[in-house]
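Coordinates in review
Each chain is listed here by its residues.
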Amino acid sequence: MTHFLDINKTAPSDLRQMIDTARAMKDARAGRPKGMADDAQPLAGHMVALIFEKPSTRTRVSFDVGVRQMGGQTMVLSGTDLQLGHGETIADTAKVLSRYVDLIMIRTFEEDVLLELADHATVPVINGLTNRSHPCQIMADVMTYEEHRGPIKGKKVVWTGDGNNVCASFLHAAGQFGFDMTFTGPETLDPERVFIEEARAKGVNVEIIRDPARAVEGADLVVTDTWVSMHDSQSTKERRHNQLRGYQVNEELMRHAQDDALFMHCLPAHREEEATSAVMDGPHSVIFDEAENRLHAQKAVLRWCLGV
Ligand code: CP
Ligand code: NVA
């Protein structure tokens, strides 16, 4: 079964092929109304279940639109719609859904739910975000970087703030696409050691530098994300804000990066917290291209999973 569970679990050649396909599909439908079908209809006859146990704007809409553009059909299900939210086992859910649909995309809390679903499903499963990773986002981000600046291989990416699920997928991508990564944030919010070690083992340079200005020195890409993720308890909000305030991406911080550095944020953002509007809407920012490219990158992921 060809699941898309994480960037570090997918071969670099397959990742590269998906980025190239995404780019070609984006070019092929340039200027078309969003609801107009692609010329090729590789998902014709396919039914896709989109399960959300957490809120979503981009993932939900981009998967739904992407499947339809390629001729497939979707059903969007919330965790509480399903018996899964009322005690049915993940294994039984996976086996039952596999009898009705051709692919399952799930956004959930614990990574184990995703892995168990994938273990028992007889159709491909896509990770639409867990507490631990967000691979679809970083496929769109790699595509976006390359669209603006060419190959990401060998570039310096700086992650500033919380070493969270999106940061983890960036570290996975560093190893697979061959770029260097610097993390800057408080020690208590470092990315998991295993993600850092794994990227290093693949030959890329991963550094932790506590001083954000020094970390961003020479960056080709500066990335941040919310200081409080959906799985973080609201009771930690004040402590996190206090710890992370010094890691805000503002114009002063961006001055330390390369002149042509890009700025990314997966969104949703808390403006004036992790990043200022001056940066988010400024000349380095490609945040809305990232959001758009979720659509194109995921269409390529769907085709790869289904072999169509
Ligand atoms: N970036 C992202 O995944 O956004 P949503 O939570 O809106 O899906
Ligand atoms: N780190 C964020 C990403 C949202 C797309 C979260 O998990 O809430």
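Remember, it's a predicted structure, so these values are computed and weren't measured experimentally.

Now for the packing of aromatic side chains. Here the structure, examined in full by the defined rule, presents three aromatic pairs. Look at F170 and F179: their rings are 6.2 Å apart centre to centre, the planes differ by 75 degrees, and that puts the pair in the edge-to-face class. You can call F179 buried: its relative accessible area is 0%. A network of ring pairs unites the aromatic residues W159, F170 and F179 as a single cluster. For the cation-ring pair, K54 lies above F109, with the distance from its terminal atom to the ring centre recorded as 4.7 Å.

One finds F4, I126, M139, F170, F177, F179 and M181 to be the most contacted residues of the largest nonpolar core, which totals 56 residues. Of all the elements, helix α6 (residues 165–177) adds the most residues to this core, at eight residues. Setting aside chain neighbours within four positions, we find F177 in contact with L15, R16, I19, M139, V142, I152 and K153. Counting 19 residues, the second largest nonpolar core, distinct from the first, contains I51, L77, I104 and V113.

If charged atoms from side chains of opposite charge come close, those side chains can pair. Counting across every chain of the model gives 19 salt bridges. Residue R68 pairs with D64 through a salt bridge whose shortest N-O separation is 2.8 Å. A residue pair is termed a helical-turn pair when its members lie 3 or 4 positions apart in one helix, as R68 and D64 do in helix α2 (residues 58–69) at four residues. R68 gets classed as exposed once you look at its relative accessible area, which sits at 52%. Look at the salt bridges and you will find they share partners, linking R16, D20 and E146 into a network.

So, about the site of ligand 2. What surrounds ligand 2 is the set L129, N164, N165, V166, D225, T226, S229, M230 and L267. One nitrogen or oxygen atom from the side chain of N164 is found 3.3 Å from a nitrogen atom belonging to ligand 2. Between ligand 2 and M230, the relevant distance is 2.8 Å, taken from an oxygen atom to a main-chain nitrogen or oxygen of the residue. Coverage of ligand 2 by the protein chains reaches 95% of its 270 Å² of free accessible surface. Here the residues of the shell around ligand 2 sort into four nonpolar, four polar and one charged.

The next subject is the side chain of S229. By the element assignment, S229 lies in the loop between β8 (221–224) and α9 (237–244). Leaving out residues up to four positions away in the same chain, S229 has contacts with N164 and N165.

Relative to the assigned elements, Q298 resides in helix α12 (residues 287–306). A residue is classified by how much of its surface remains accessible, and Q298, at 1% relative accessible area, is buried. Each C-alpha atom of the pair Q298 and F63 lies 6.8 Å from the other, and the pair is 235 residues apart in sequence. Within the structure, Q298 has its side chain in polar contact with the side chain of R294 (distance 2.8 Å).

Conventions we followed
- Residues numbered from 1 in each chain as written.
- Chains lettered and ligands numbered in written order.
- Predicted model: local features only at pLDDT ≥ 70, side-chain atom pairs only at ≥ 80, totals over all residues.
- Heavy atoms only, no water.
- Phe/Tyr/Trp six-rings, centres within 6.5 Å; stacked < 30°, edge-to-face > 60°.
- Buried < 20%, exposed > 50% of the residue type's maximum accessible area, 1.4 Å probe, protein only.
- Lys NZ or Arg CZ within 6 Å of the ring centre and 35° of its normal.
- Core = buried A, V, L, I, M, F, W, Y, C linked by side-chain atoms within 4.5 Å.
- Helix = DSSP H or I, 4+ residues; strand = E, 2+ residues; numbered from the N terminus.
- Contact = heavy atoms within 4.5 Å.
- Salt bridge = Lys/Arg side-chain N within 4 Å of Asp/Glu carboxyl O.
- Near = heavy atom within 4 Å.
- Polar contact = N/O pair within 3.5 Å; in protein donor to acceptor, adjacent residues only side chain to side chain.
- Areas by Shrake-Rupley, 256 points an atom, 1.4 Å probe, with all protein chains shown as cover.
- Nonpolar A, V, L, I, M, F, W, Y, C, P; charged D, E, K, R; others polar.

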